[in-house]
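So the chains spell out like this:
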Amino acid sequence: MARKRIPAINESELETDQPVFSLRDWIKDHLIVIYFGAAILLIIAIFVGISAYQNANHPIAKFMSASSKNFNSSFRFDLEMIENGNTRMRYKGTYSANPSKQNVKALYDADYGSYSYMGAVYSEGETRVNGNLYNGKWRLRDCTEKVLNFFDFNTKYKAGRFDGASFLRFTDLTSRYSADELNTFMKLIKSRMDGDSDLATAKITSSGDSKTYTFDINLREFFDLVRDKGASVFFSSLDYDAFCSMYKQNESTVRQADCIFTYTINNAGWMTEMSLSVTVGGEEYTVKCTMDDFGEAAVNFPSTFMDALEAE
């Protein structure tokens, strides 16, 4: 099959035969596997300050090593968004990457309860697209910039460093936040994250051939830190003022919220599970992902996808 760059599809073309639902624009634009990895990294960067830890025995260094090993190889995953014990969204699929060639492939089934679809990411050679299958037809879009920005971030991350500039480029947030100030803020977070502080406590438990790392995050302390020390991270004073106003209006709710982040690493160094859970006002919201078949999982695209790729 000839390799060629797929031209971007404009918004009017994407509207044809697309389902109508409130999260359509988000689904249309995302690369679920890559975005999921980046979202988890952002959580850790914000709440724990991964950029500053150099000690290989530190729990966050363990997280960086294991997550990097996963996302620079292949695995099967099952990602759930859960509200009060009920699954609201679920993604099941396979991910595979070859960073040396900047290749990444992913195929997944998405289930939102009232509707479902199949999604794919394909980057090999000069062909870099993402697509959704709906009503029996694949819609493909160019995602070259996203893929290149992801691997730019990934290069530093797998070396044990968090780079704010490449991360902001990947997430399209360079116009909202300062990379240099973000890195400085990460160092401040690190100084408050000794495993037993007002900001967070950590514990490690062993079970069989794996260890589970649990961080209990104090959201009030975190939001106070952003309010008092993080103003320079925002490019716009209006965005910072909006954050402070939002926090002031919801401070009592934040004070009552519990936030738990956990991840499990097996003896081979693979991350087998990670989750983020927030409980407030008797309501619990969780994002959870389990992973397996490390280094062996293969992404097998259906013939309809390959046909659509060839036709472009």
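Residues numbered from 1 in each chain as written. Predicted model: local features only at pLDDT ≥ 70, side-chain atom pairs only at ≥ 80, totals over all residues. Heavy atoms only, no water.

## Concerning the overall build of the chain
Right, so step 1: Helix and strand content of the chain: ten helices and eleven strands.
Right, so step 2: When burial is assessed residue by residue, the chain has 47% of its 312 residues classed as buried.
Right, so step 3: Long-range pairs, those at least 24 residues apart, make up 56% of the contacts in the chain with a sequence separation of at least 6.
Right, so step 4: Counting only carbon and sulfur atoms, one obtains 47% of the accessible surface of the chain, whose full area is about 15,200 Å². (Helix = DSSP H or I, 4+ residues; strand = E, 2+ residues; numbered from the N terminus. Buried < 20%, exposed > 50% of the residue type's maximum accessible area, 1.4 Å probe, protein only. Contact = heavy atoms within 4.5 Å. Areas by Shrake-Rupley, 256 points an atom, 1.4 Å probe, with all protein chains shown as cover.)

## Structural notes on the sheet that holds strand β1 (residues 74-83)
Right, so step 1: The sheet built from eleven strands is open, its strands ordered β6-β5-β4-β3-β2-β1-β11-β10-β9-β8-β7 with antiparallel pairing. The open sheet has two free edges, formed respectively by β6 (137-142) and β7 (200-207), since each of these has just one partner strand. Strand after strand, the sheet turns through a mean of 15° between neighbouring axes, direction not considered.
Right, so step 2: Relative to strand β11 (residues 283-292), strand β10 (residues 271-280) is paired through eight bridges, and the arrangement is antiparallel. (Pairing = 2+ DSSP bridges. Axes fitted to C-alpha atoms, helices over the stretch in contact; angles between N-to-C directions.)

## Here's the deal with the packing of helix α8 (residues 219-229) against helix α9 (residues 237-255)
Right, so step 1: For the pair α8 and α9, the least separation of the axes is 11 Å and the interaxial angle reads 160°. The angle between α8 and α9 places the two elements in the roughly antiparallel class. Pair α8 / α9 crosses with left-handed handedness. Facing α8, whose interface residues are L219, R220, F223, D224, V226 and R227, α9 presents Y240, F243, C244, Y247, E251, V254 and R255.
Right, so step 2: Taken together, the residues of the contact of α8 with α9 sort by class into eight nonpolar, no polar and five charged. (Parallel < 35°, antiparallel > 145°, perpendicular 65-115°, else oblique. Left-handed = near helix turned anticlockwise from the far one by under 90°. Nonpolar A, V, L, I, M, F, W, Y, C, P; charged D, E, K, R; others polar.)

## Looking at the pairing of β7
Right, so step 1: Relative to strand β8 (residues 210-217), β7 runs antiparallel, the two being bridged by eight bridges. Bridging from a neighbouring strand, A202 pairs with F215 of β8.
Right, so step 2: The turn linking β7 back onto β8 is made up of two residues, and G208 within it adopts a positive phi angle of 60°.

## Side note on helix α10 (residues 303-311)
Right, so step 1: All buried positions along α10 are accounted for by F305, A308 and L309. Here the buried residues of α10 occupy an arc of 100° about the axis, which is enough to place them on one side. Residues of α10 that are exposed and point more than 90 degrees away from the buried face comprise S303, D307 and A311. (Arc of directions from axis to C-beta.)

## Topic: the pairing of β6
Right, so step 1: Here six bridges tie strand β5 (residues 127-134) to β6, and the two strands are oriented antiparallel to one another. Bridging across to β6, V129 finds its partner in D142.
Right, so step 2: Between β5 and the antiparallel strand that follows it, β6, lie two residues; N135 among them carries a positive phi value of about 55°.

## Observations concerning unusual backbone geometry
Peptide bonds are trans in most cases, and residues, glycine excluded, mostly fall at negative phi.
Right, so step 1: Of note in the backbone geometry, Q102 takes a positive phi value of approximately 55° without being a glycine.
Right, so step 2: Examined against the element boundaries, Q102 turns out to sit in the loop between β2 (86-98) and β3 (103-111).
Right, so step 3: Here D293, not a glycine, exhibits a phi torsion of approximately 55°, which is positive.
Right, so step 4: Here D293 shows up in the loop between β11 and α10.

## A word on helix α5 (residues 144-157)
Right, so step 1: Over its 14 residues, α5 extends 20 Å from the first C-alpha to the last, a length consistent with the 20 Å expected when each residue adds 1.5 Å.
Right, so step 2: Looking at α5, one finds that the buried residues are T144, K146, V147, N149, F150, F151, F153, N154 and Y157. (Expected span 1.5 Å × (residues − 1).)

## Let's talk about the nonpolar core
Right, so step 1: Counting residues in each nonpolar core, the largest one holds 65 residues, and the members touching the most others are F63, F77, Y91, Y95, Y263 and M291.
Right, so step 2: In this structure, Y122, L140, V299 and A308 belong to the second largest nonpolar core, which totals eleven residues. (Core = buried A, V, L, I, M, F, W, Y, C linked by side-chain atoms within 4.5 Å.)

## Re the packing of aromatic side chains
Right, so step 1: One pass over the full model with this rule turns up 29 aromatic pairs.
Right, so step 2: Where F75 meets F77, the ring centres are 6.3 Å apart and the plane angle is 65°; that geometry is what we call edge-to-face. The two residues F75 and F77 agree in class, both being buried.
Right, so step 3: Each residue in the set Y177, F222, F223, F234, Y240, F243 and Y247 is aromatic and connected to the rest through ring pairs, giving one cluster.
Right, so step 4: Taking the ring centre of W270 as reference, the NZ or CZ of K69 above it sits at 4.5 Å.
Right, so step 5: Between the NZ or CZ atom of K146 and the centre of the ring of F170, over which it lies, the distance is 5.4 Å. (Phe/Tyr/Trp six-rings, centres within 6.5 Å; stacked < 30°, edge-to-face > 60°. Lys NZ or Arg CZ within 6 Å of the ring centre and 35° of its normal.)

## As for the pattern of salt bridges
Right, so step 1: According to the stated counting rule, one finds 15 salt bridges in the structure shown.
Right, so step 2: Its salt-bridge partner being D292, residue R76 comes within 3.1 Å of it at the nearest N-O pair. Taken together, the positions of R76 in strand β1 and D292 in strand β11 put the pair 216 residues apart, joining distant regions of the chain.
Right, so step 3: A residue is classified by how much of its surface remains accessible, and R76, at 41% relative accessible area, is partly exposed. (Salt bridge = Lys/Arg side-chain N within 4 Å of Asp/Glu carboxyl O.)

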